Amino acid sequence: MAHHMISLLVNGQKEKLLVPSNLTLLHVLRDMLGLTGTKNGCEAGECGACTVLLDGEPVNSCMVLAPELDGREVITVEGLAKDGQLTPLQEAFAELSAVQCGYCTPGMLMSATALLRRKPHPTQQDVQEALVGNLCRCTGYQRIIDAVMVASRTGGAE
Amino acid sequence: MQEFDYLRPRNVAELKENLSQPGARILAGGTDIIPQLRRGKSAPKILVDTSGIRSLRFIEDQGDRVVIGAMTTHQEIAESQLVSDLNPALRIAAESVGSTQTRCRGTLGGNIANASPAADTLPPLLVYEASVLIQNLSGEREVPLESLVIGPGQTALEEGEFIHSISFRPLTGRWGSHFIKVGKRKGMAISVVNAAATVVLDKKGSVSKARVALGAVGPVVIRCRETESSLCGKVPDRKVFEKAGEQAREEVRPITDIRSTEEYRLHAAGVIVARVLEAAAEQARGRMG
């Protein structure tokens, strides 16, 4: 089995790893780097629980192969808060109780972060469309959508 | 996931070399092949990752043709002003693929090579009579998209060949194009049936040319040629388009599968053909000749 040496930036930190061809980014994060904030839901690109930012774009990390990561930049949910300071988006999720079991939350935060960076003042429909690939089985979505709308007024993704 | 080797060419010349090895298969956006690898449905010896080849990722207006590189993502197509201006049906289709996460990875070339009967970008390309530039180590050939996709998951691509780019001629005069998809829900849905149409009107407002393509109602995306010719010379109104919808039902062969039934698909196909034609004609009417 071929292994590949890859260098990448994860949450601003340089990582050099030896990875097999058939490992996914999801497992690089969770099993090799201990970044378990990124959740494993369906492993089929359907649920969005494993969403991270790859070179700034939201992707399902279960659908990216580890050797593809050489020279790329990954941001996970652990990379959002800086020096213990939550982003306005994270604050809004907490404030509005946009979390129930919490399993979908990291993915929701990453998709919403990508949206707010691309479009700082989205409409409710923009938010709904941006979160189409993130399934939540308990909150009912409304509070999540509300939290993203609130964050767009209180400072956005950063 | 099964084992395979992985290569990452930096340019087209390296890609041609890599792909000429036996058992090599392209990894474009991975949104179809990675689930296939997980389920053991595909067993390549070598995956050739084309994501590092910048020269395959572009959208260009080359005067008489619009050319789109095979590695252009659905998200890039959905956000392209050029595509929106010259093939609105394709923009809408690209925007309706999966989720943002899928669109940021999935590519136009991948959507074609995967050859799903339900592929969303195929109907808008077929109604523009798009052609595909195919290359390999020994040269290149250009083929109509319609003859490239030959069955579910099957293309006429030979071993060692890859899709370089897709091109189509923009419409002129009073034209319109549109795309409609029916799925289980608005987001993340694979089409139960989808349709694209173009309509060109003459000076008097009659149809001078119409193109209709339907997806997920046959082994490949189907151009409805009888429907197209029946529209020629007609003054477009709802009745004419409803009749075209009925005609289109005669030209498709839907099946029952996990996503829908034969009966529903047949019914919905007629309905969306009428709607997609009406929207395209409306656009054409609003355009100065």
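Criteria and thresholds
- Residues numbered from 1 in each chain as written.
- Chains lettered and ligands numbered in written order.
- Predicted model: local features only at pLDDT ≥ 70, side-chain atom pairs only at ≥ 80, totals over all residues.
- Heavy atoms only, no water.
- Helix = DSSP H or I, 4+ residues; strand = E, 2+ residues; numbered from the N terminus.
- Rg over C-alpha atoms; globule rule 2.2 N^0.38 Å.
- Buried < 20%, exposed > 50% of the residue type's maximum accessible area, 1.4 Å probe, protein only.
- Contact = heavy atoms within 4.5 Å.
- Areas by Shrake-Rupley, 256 points an atom, 1.4 Å probe, with all protein chains shown as cover.
- Domains from an automatic or database assignment.
- Buried area = accessible area lost by both parts, 1.4 Å probe.
- Salt bridge = Lys/Arg side-chain N within 4 Å of Asp/Glu carboxyl O.
- Polar contact = N/O pair within 3.5 Å; in protein donor to acceptor, adjacent residues only side chain to side chain.
- Pairing = 2+ DSSP bridges.
- Phe/Tyr/Trp six-rings, centres within 6.5 Å; stacked < 30°, edge-to-face > 60°.
- Lys NZ or Arg CZ within 6 Å of the ring centre and 35° of its normal.
- pLDDT = per-residue confidence, 0-100.
- Axes fitted to C-alpha atoms, helices over the stretch in contact; angles between N-to-C directions.

Colleague: Help me out: how do you make sense of the overall build of chain B in this one?
Modeller: Looking only at helices and strands, chain B has twelve helices and 14 strands in total. Relative to the 2.2 N^0.38 estimate, which gives 19 Å for 289 residues, the radius of gyration of chain B is 19 Å and therefore close to what a compact globule would have. In terms of overall dimensions, chain B has a C-alpha envelope of 60 × 45 × 30 Å along the principal axes. For chain B, buried positions account for 57% of its 289 residues. The contacts of chain B with a sequence gap of at least 6 include a subset with a gap of at least 24, amounting to 63%. When the accessible surface of chain B is summed, it comes to about 12,400 Å², and 49% of that surface belongs to carbon and sulfur atoms.

Colleague: So what exactly am I meant to see when it comes to the domain arrangement of chain A here?
Modeller: Many structure descriptions define interface size as the accessible area lost when the parts assemble. Residue and element names in this part refer to chain A. Domain annotation for chain A reports domain 1 (3–78) and domain 2 (88–154). Placing a centre on the C-alpha atoms of domain 1 and another on those of domain 2 gives a separation of 21 Å. Summed over both partners, the interface of domain 1 with domain 2 buries about 1,100 Å², with 64% contributed by carbon and sulfur atoms. Put simply, domain 1 and domain 2 have zero salt bridges between them. At the surface where domain 1 touches domain 2, the tally comes to four residue pairs in polar contact (both at pLDDT 80 or more).

Colleague: I tried to follow the pairing of strand 6 (residues 131–136) of chain B on my own but got confused; where do I start?
Modeller: Regular strands have side chains that alternate between both faces of the sheet. All names here are of chain B. Most of strand 6 sits inside the fold, with six of its six residues counted as buried. Sheet analysis places strand 6 next to strand 7 (residues 139–144), joined by six bridges and oriented antiparallel. By the bridge assignment for strand 7, S131 is matched with P144. Counting the residues in the hairpin turn of strand 6 and strand 7 gives two residues. One ladder, built from five bridges, connects strand 6 with strand 10 (residues 162–168); its direction is antiparallel. Bridging from a neighbouring strand, S131 pairs with S167 of strand 10.

Colleague: Which parts of the structure should I look at to understand the interface of chain A and chain B?
Modeller: On the chain B side, the residues contacting the 33 residues of chain A number 28 residues. Of the roughly 2,400 Å² buried where chain A meets chain B, counting both sides, 53% is carbon and sulfur surface. Put simply, chain A and chain B have two salt bridges between them. Of the charged contacts in the structure, one is a salt bridge between R105(B) and E68(A), with a shortest N-O distance of 3.1 Å. Our count for the contact surface shared by chain A and chain B stands at twelve residue pairs in polar contact (both at pLDDT 80 or more). Elements with a minimum of two residues in the side of chain A that touches chain B: strand 3 (51–54), strand 4 (57–60), helix 3 (105–118) and helix 4 (124–130) of chain A. Per element, the largest residue contribution to the side of chain A that touches chain B is four residues, and it comes from strand 4 of chain A.

Colleague: Sorry if this is basic, but what is going on with the packing of aromatic side chains here?
Modeller: Between two aromatic rings, the relevant description is the distance of the centres plus the angle of the planes. All names here are of chain B. As enumerated under the stated definition, the model contains one aromatic pair over all chains in all. A centroid spacing of 5.1 Å and a plane angle of 70° characterise the contact between Y128 and F168, whose relative ring orientation is edge-to-face. Highlighted residues: Y128 in the loop between helix 8 (122–126) and strand 6 and F168 in strand 10, separated in sequence by 40 residues. Across the pair, F168 and Y128 agree in class, each one buried. Above the face of the W175 ring, R287 is positioned so that its terminal group lies 3.8 Å from the ring centre.

Colleague: Would you take a moment to explain the confidence of the model for chain B for this structure?
Modeller: In low-pLDDT regions, the fine details of the predicted coordinates are not to be read closely. With 100% of its residues at a pLDDT of at least 70, chain B reaches an overall mean of 95. We note a pTM of 0.96 for the whole complex and an ipTM of 0.95 for its interfaces.

Colleague: What should I look at first to understand the pairing of strand 11 (residues 174–182) of chain B in this one?
Modeller: Residue and element names in this part refer to chain B. Counting buried residues along strand 11, eight of its nine residues qualify, which places the element largely inside the surrounding structure. Judged from the nine bridges that link them, strand 11 and strand 12 (residues 193–201) form a sheet pairing that is antiparallel. Bridge pairing links H178 to A197 in strand 12.

Colleague: Would you mind going over the sheet that holds strand 10 of chain B with me for this structure?
Modeller: Pairing between the strands of a sheet comes from backbone hydrogen bonds, and it takes one of two forms, parallel or antiparallel. Residue and element names in this part refer to chain B. Strand order in the open sheet made by the five strands is 4-5-10-6-7, with antiparallel pairing throughout. Across the chains shown, the open sheet's two edge strands, defined by having one partner strand only, are strand 4 (59–61) and strand 7. Sheet twist, expressed as the mean angle between neighbouring strand axes with direction ignored, is 20°. Sitting on the sheet, helix 1 (residues 12–19) touches strand 6 and strand 10, and the angle it makes with strand 10 is about 125°.

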